[in-house]
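Structural characterization, general
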Amino acid sequence: MSPQLLLFILRLASAILLLVFLGLLFWYVYQDLMSTRTAAREQTSSLGILRVIASDAANPLVDTLFDLAPVTTIGRHSRNTIVLDDTYVSGEHTLLSWRDSQWWLEDLGSRNGTYLNGTILTDPVVISVGDVITIGDVRFKMDLLSRQGTDEKESGIRDSNP
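First things first, this report covers the structure right here in the doc. All residue numbers refer to position in the chain's written sequence, counted from 1. The model is predicted, so local features are restricted to residues of pLDDT at least 70 and side-chain atom pairs to those at 80 or more, both for listing and for counting; the totals for chains, interfaces and linings are taken over all residues. By convention in this description, side-chain values take in all heavy atoms of the structure and omit both hydrogens and water.

Counted as salt bridges are all cases of a side-chain nitrogen of Lys or Arg within 4 Å of a carboxyl oxygen of Asp or Glu. Taken as a whole, this structure holds two salt bridges when the rule is applied. Across the pair Arg-79 and Glu-92 runs a salt bridge whose closest N-O atoms are separated by 2.6 Å. Here the residue Arg-79 occupies a position in the loop between strand 3 (71–75) and strand 4 (82–83), and Glu-92 occupies one in the loop between strand 4 and strand 5 (94–99), the gap between them amounting to 13 residues. Secondary structure elements are taken from DSSP: a helix is a run of H or I of four residues or more, a strand is a run of E of two residues or more, and numbering for both begins at the N terminus.

All right, on to the environment of Leu-121 then. Within the fold, Leu-121 resides in the loop between strand 8 (119–120) and strand 9 (125–127). Each residue gets one of three labels from its accessible area relative to the maximum for its type: buried under 20%, exposed over 50%, partly exposed in between, using a 1.4 Å probe on protein chains only. Taking relative accessible area as the criterion, Leu-121 reaches 11% and is therefore assigned buried. If we skip the residues at most four places from it in the chain, Leu-121 touches Leu-105, Glu-106, Asp-107, Thr-114 and Leu-116. In this analysis, two residues are considered to be in contact whenever any of their non-hydrogen atoms come within 4.5 Å of each other.

The two faces of a sheet get side chains in turn, since along a regular strand they alternate between them. Buried residues dominate strand 11 (residues 138–143), accounting for five of its six residues. In short, DSSP must find at least two bridges between two strands for them to pair. Note that strand 1 (residues 49–55) and strand 11 share six bridges and pair antiparallel. When the sheet's bridge partners are listed, Val-52 is paired in strand 11 with Phe-140. As judged from the four bridges shared by strand 10 (residues 132–135) and strand 11, these two strands associate in the antiparallel manner. The residue bridging Val-132 from the neighbouring strand is Lys-141, located in strand 11.

Following this line, the structure appears as structure tokens:
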């Protein structure tokens, strides 16, 4: 076997090994992206909802459901996750965030304040299912229901809030 043929065979084998390696690398990255997408869908679909229980304005209507994202902002400005067309609501009024497996509610320095169960917020607080959040003329109730109406888990505790 001539040295030129041997070098050609080695180059060809190296090229095939490189292509196999790159193919496996792309396959593993693709599998990781698909599993991450599935996990993200499962997580965001079960984070919870805010249900409008009282509203003096035409929008939002009572019993409107808002899905909660890991970081949910509420305010009058269109860049918020939940937009409220109310003159008592600031442009960026309230922040709901999922941290350490708990929901945290924080007023973002609004003029008219954010109320949790009738008490004005001064510091970020942990909220739970059944808590009532009042922003302007709109009252929300925190629920763990998804839009499909399935519970994340049953605790056996009955909620007495309206």
